[in-house]
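Results of the structural survey
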Amino acid sequence: MSDKNESEIKNIVTGFHRTPFDLENGDVFKVYLFKRSENNFILLISVHHIACDGWSIGTMLNELQIIYESETDNKNISFTPLTSKYSDYVNFQNEFVQSEKGIEQWNYWKEELGGELPALNITADKPRPAVQTFNGAAEYFHLDKELADELNKFSKSEGTTVFVTLLTAYFVFLYKYCGQNDIIVGSPTAGRTNTEFDKLIGYFINPVSVRGSINGSDSFKTILKQIKKKVLYAVSNQDFPFPLIVEKLLHKRDPGRSAVFQTFFGMQKIQQSEELQELIVYNNEDVKVNWGSLTLQPYGITQQDGQFDLSLDLIAGKNIFSGAFKYNRDIFDKETIAGMADNFSNLLRNILTDPDSEIKDLSLLSPANRNILLVDRNNTSREFENFDFVHKLFHNNAKLYPEATAIISDNDEISYRELDESSNKLANYLIKKGIRSGDLICICMERSPDMVISILGVLKSGAAYVPVDPNYPADRIAHMISNSGSKYILTQNKLTDILQYITSEKILIDDSNSEYLKEDNSYPGINSDLFPIPLMQFTLPAQQEFQKEC
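Residues numbered from 1 in each chain as written. Predicted model: local features only at pLDDT ≥ 70, side-chain atom pairs only at ≥ 80, totals over all residues. Heavy atoms only, no water.

Turning to the packing of aromatic side chains, a few remarks are in order. According to the stated counting rule, one finds 30 aromatic pairs in the structure shown. Centroid distance Phe154 to Phe220: 6.1 Å. Interplanar angle 45°. Geometry classified as tilted. With Phe154 in helix α5 (residues 145-157) and Phe220 in helix α7 (residues 220-236), this pair connects stretches of sequence that are 66 residues apart. For the pair formed by Phe154 and Phe220, the shared burial category is buried. Between Phe261 and Phe308 the ring centres are 5.6 Å apart and the planes differ by 40°, which places this aromatic pair in the tilted class. Taken together, the residues span a long stretch of sequence, with Phe261 in the loop between α8 (242-249) and β6 (263-268) and Phe308 in the loop between β8 (294-296) and β9 (310-316) at a distance of 47 residues. Each member of the pair, Phe261 as well as Phe308, carries the same accessibility label: buried. When the ring centre of Tyr472 is taken as reference, the NZ or CZ atom of Arg476 above it lies at 4.1 Å. (Phe/Tyr/Trp six-rings, centres within 6.5 Å; stacked < 30°, edge-to-face > 60°. Helix = DSSP H or I, 4+ residues; strand = E, 2+ residues; numbered from the N terminus. Buried < 20%, exposed > 50% of the residue type's maximum accessible area, 1.4 Å probe, protein only. Lys NZ or Arg CZ within 6 Å of the ring centre and 35° of its normal.)

This is the structure we're talking about:
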């Protein structure tokens, strides 16, 4: 491939990497060697997950190093013969499930995951597919060294691990995004509690479910203690096969979601070698690992599988702590996940600054982003040189389309001209009765054309209206009208009984003999500065005391 540019080489390697496995007829283990130049090669080891896991990769690379160095240095090597096969592991699992300890572990999971399980409901960017898809992508990020050091320091002081601290932070993060108190997060275990399988290559990972109960009034330290216990219980019961838990517990499954949990959290670690660990750290392309005359560097290929709605993978190296939010592209947009990556880092900083503060007070936003959202985007004051009020805009529209239908009610249709003239008559009537700009007039009506006439008429007179729901209790109606100081109430004939003890003058909009109907129907043309308030609304707090809102 020496005649190819870097982009072309990347496309070729990626194409081989993404070639599907034929599990019925093909191999589950493929090795490709691409020659970029005389002394520069790309080694691609493509293994189906059914035959390999993270522990196996460490074992494989560790043995490959020994073999390579022996070949280049002409050394004889010998590996200790394996004492077990993968089939022995399968037999071990079958026997374990039937054993007393296996039954104990099943009883734990049956109680922990019993009943209706909560589905993770983070607001999606796209409609969720009816059947789960696996079209994935990843958004990579890193934690700066200072933050990573603080995480280590805090975890030690709390008597726990960085894994538990970060998992707890992820629970809080999910709570912030979905508002759920009951959350289940999946997490991998090595599945090699029996040490005789340590040197085997195969799929041993057994995911466990960590179920957290998150309350906004709890502190992070309180939740940390809870999640630490849940992790210890999960690890203690990790040998019971997860697929069997699903089979025994879920008799009916949602085809659009993964079973039990829809989000996953893991910290990748190659147990066999710290040097090899550096090769799997995200965005760590500059790192070099020496195998005698051979120098290794990582070759990044973008993530494309999405096993869950959302996953968080973290990997710690010597000088870099990186992470990846992996997600289903059929549910979330890239921009949303990029925001999540920033927000998770911000949350960690805020947690470490004050781990005793209540969860609801911990922010996902950096000070800069918080200022943008709460200050910059709310700085909406503008200077307007030319503008019209809504009632003037309506009047202008009525002149353009006088016979067009403005209101359709159960029994009638009203044109723009009729509505404009009726509201003009009411406005002129109110002005004649002494209404001035900024006065308050109560409107107590059922939804109807009369209500629209009343609102427009009040606004055209220069006053502000106070909506009074006729379904309110009588004492509240009386308090609202009295507290508003309104001299007039615009209402309907059928509502006079509920207003009989109100001293303010009642103007019946639906009365064919009402005095306002005798007024001039020309637009009053009130010229005024911006009205102090076009609407006054009352709210009723929980303590049953009335408040006014403009």
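Let us now look at the environment of Ile498. Along the polypeptide, Ile498 turns up in the loop between β15 (488-491) and β16 (505-508). Overall, Ile498 belongs to the partly exposed group, its relative accessible area being 39%. With 14 residues separating them along the chain, Ile498 and Ser484 place their C-alpha atoms 18 Å apart. Every residue in contact with Ile498, bar those within four places of it in the chain, is listed here: Cys444, Pro470 and Ile477. (Contact = heavy atoms within 4.5 Å.)

Below, the discussion takes up the packing of α5 against helix α6 (residues 162-178). Angle between the axes and distance between the axes are the two parameters that describe a pair of packed helices. Packing of α5 against α6 brings their axes to within 9 Å, and their N-to-C directions diverge by 105°. Judged on the interaxial angle alone, α6 and α5 are roughly perpendicular. Residues Leu151, Asn152, Phe154 and Ser155 of α5 touch α6, and the partners they reach there are Val162, Thr165 and Leu166. A class-by-class count of the residues in the contact of α5 with α6 yields four nonpolar, three polar and no charged. (Axes fitted to C-alpha atoms, helices over the stretch in contact; angles between N-to-C directions. Parallel < 35°, antiparallel > 145°, perpendicular 65-115°, else oblique. Nonpolar A, V, L, I, M, F, W, Y, C, P; charged D, E, K, R; others polar.)

On to a nonpolar patch on the surface. The grouping of Phe29, Val31, Leu33, Phe41, Leu43 and Leu64 at the surface amounts to a nonpolar patch, some 560 Å² of accessible area in total. At the level of secondary structure, the elements contributing two or more residues to the nonpolar patch comprise β1 (29-37) and β2 (40-47). Along the chain, Val31 falls in strand β1. (Patch = residues over 30% accessible without salt bridge, like charges linked within 9 Å, V, L, I, M, F, W, Y side chains within 5 Å. Areas by Shrake-Rupley, 256 points an atom, 1.4 Å probe, with all protein chains shown as cover. Salt bridge = Lys/Arg side-chain N within 4 Å of Asp/Glu carboxyl O.)

A few words now on the pairing of β1. The pairing of β1 with β2 spans eight bridges and is antiparallel. Along β2, the bridge assignment pairs Phe29 with Val47. Here β1 folds back onto β2 in antiparallel fashion, the turn holding two residues. (Pairing = 2+ DSSP bridges.)

Relative to the elements of secondary structure, Asp239 occurs in the loop between α7 and α8. Among buried charged residues, Asp239 stands out as having no salt bridge; its nearest opposite-charge side chain is Lys101, 5.0 Å away. Not counting residues up to four positions away in its chain, the partners in contact with Asp239 are Gln93, Phe96, Gln105, Thr193 and Asn206. (Lys, Arg positive; Asp, Glu negative; His and termini not counted.)

This paragraph deals with the nonpolar core. The biggest cluster of nonpolar side chains holds 69 residues, and the ones touching the most others in it are Tyr170, Phe325 and Phe344. Beyond its immediate stretch of four places on either side in the chain, Tyr170 contacts Val185, Thr263, Phe264, Phe265, Leu310, Ser311, Leu312, Phe325 and Phe344. In terms of nonpolar packing, the next biggest core, distinct from the first, is built from 22 residues, Leu419, Leu426, Ile435 and Ile443 among them. (Core = buried A, V, L, I, M, F, W, Y, C linked by side-chain atoms within 4.5 Å.)

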